[in-house]
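Here is how the chains run, residue by residue.
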Amino acid sequence: LFFLLFLLLLFLFFSLFLLLLPLLPYFPFSSSRMGWKEGLDQLSSTHSKSPLTPSSQKLSRLSKGCVISLILCACFFVWFTTSPSQPSLNEPINAHETVMDRMDGAAENDDELVAMEEALLSGPDLFGETIDANLLKQVQASVRNLFYVKYVPSKPPSKRKVSVVFLHGANFDSSTWEDVGTPQLLAGLGYTCFAVDLPSFGKSTGNIAPKLRAVFMKALLNTLGAKNAVLVSPSMSGGFSIPLIMEKDVTSYLSGYIPVAPVAVESFSVEQYEKINLPALIVWGSKDISGAKRSTTLLKIPNSTSLEIKDGSHPCYLDNPEKFNEEVLGFVEKLRDRGDQ
């Protein structure tokens, strides 16, 4: 915007310069003996029927240059005022400029760049739970912008509106799930999905201290409006999701949990995992030794099932996305059917 305004001012200055150039010899500081009256008479003589002198021809050319410059300036002004403005950082971005649907009948996508503070203060808590006001203010001060992709269901959802929230690993961001195809598949079957860029990753800014991550996750789910959410949490994002599932009120926010070889498992005891009352699908790749070890601990969650991706590496969902998507869909549908009963 500032660049366009600069160009406009430049055009105006150039036009004014050309307009006044023929009169420069008649200014008081000029060495010419001709006064203002004589100069104006000479300018008017360029429009007479008498043959033009070399001096008057020069003045005529300059006059035409002024007219052309003014016309160009007017055209630029019309174009500038009628052209569509670009969205600011706090405005929604058209999803179809950045996200491609990969399936026939897949969901319509909405990319949104949300100011975290504005979003969290925009309404009451959707979950009926009270988040500590001081901790919430610290979260809001730590996160300037939060980027996520929303996948809107292409058909009406079930009676129990289950949503799925996708986090990501350290070397990835929300666009990874576009490649895997899981949110498109689920949205095409009636589930609202969100793929999130965690703070300091992708297009999100800020940083969250470990002690604030459970509060951040609650605020995130509240901001998204993701009720009965199933949380998919690979690798690094375990540092955000595991503190959340350790909260006593976790079932107010989540209906299911799908960790994929997450970190931070060792931060809590086996006894603490045994007390979690949350359905979970524990996923790891057969070639991921550390992921398999962590998954053994996570299987202490009473209502959990396992999924080992054969020949899968640490991001095993990339090695066999078809198997991963199939199992995630089955898990989500079981939660939906359980809620509809």
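Residues numbered from 1 in each chain as written. Predicted model: local features only at pLDDT ≥ 70, side-chain atom pairs only at ≥ 80, totals over all residues. Heavy atoms only, no water.

(A) Focus on the packing of helix α5 (residues 133-142) against helix α8 (residues 213-224). Where α5 contacts α8, the two axes come as close as 10 Å, and the packing angle between them is 80°. Judged by the angle between their axes, α5 and α8 are roughly perpendicular. Contacts between α5 and α8 involve Leu135, Leu136 and Val139 on the former and, on the latter, Val215, Phe216 and Ala219. A breakdown of the residues in the contact of α5 with α8 according to their chemical character gives six nonpolar, no polar and no charged. (Axes fitted to C-alpha atoms, helices over the stretch in contact; angles between N-to-C directions. Helix = DSSP H or I, 4+ residues; strand = E, 2+ residues; numbered from the N terminus. Parallel < 35°, antiparallel > 145°, perpendicular 65-115°, else oblique. Contact = heavy atoms within 4.5 Å. Nonpolar A, V, L, I, M, F, W, Y, C, P; charged D, E, K, R; others polar.)

(B) Seen up close, the pattern of salt bridges. A full pass over the atoms with the stated rule returns five salt bridges. A salt bridge links Arg294 to Glu266, with the nearest nitrogen and oxygen atoms 3.6 Å apart. Of this pair, Arg294 sits in helix α11 (residues 289-298) while Glu266 sits in the loop between β6 (254-260) and α10 (270-274), and the two are 28 residues apart along the sequence. For Arg294, a relative accessible area of 15% puts it in the buried group. Judged by relative accessible area, which is 59%, Glu266 ranks as exposed. As a salt-bridge pair, Asp337 and Arg336 come within 3.0 Å of each other at their nearest N and O atoms. Through salt bridges with shared partners, one network takes in Lys218, Glu247 and Asp249. (Salt bridge = Lys/Arg side-chain N within 4 Å of Asp/Glu carboxyl O. Buried < 20%, exposed > 50% of the residue type's maximum accessible area, 1.4 Å probe, protein only.)

(C) Representation of the pairing of strand β7 (residues 280-285). The buried count for β7 comes to six of six residues, which makes it a mostly enclosed element. Side chains Ala280, Ile282 and Trp284 project from β7 onto one buried face, and the interleaved Leu281, Val283 and Gly285 project onto a second face that is buried too. Where β6 and β7 come together, two bridges link them in parallel fashion. The residue of β7 that forms the bridge with Val260 is Val283. (Pairing = 2+ DSSP bridges.)

(D) Inspection of the environment of Leu281 at higher detail. Within the secondary structure layout, Leu281 lies in strand β7. We classify Leu281 as buried; its relative accessible area is 4%. Between the C-alpha atoms of Leu281 and Ile258, which are 23 residues apart in sequence, the distance is 4.8 Å. Those residues within four positions of Leu281 in sequence are excluded, and the remaining contacts are Tyr257, Ile258, Pro259, Thr305, Ser306, Leu307, Glu327, Val328 and Phe331.

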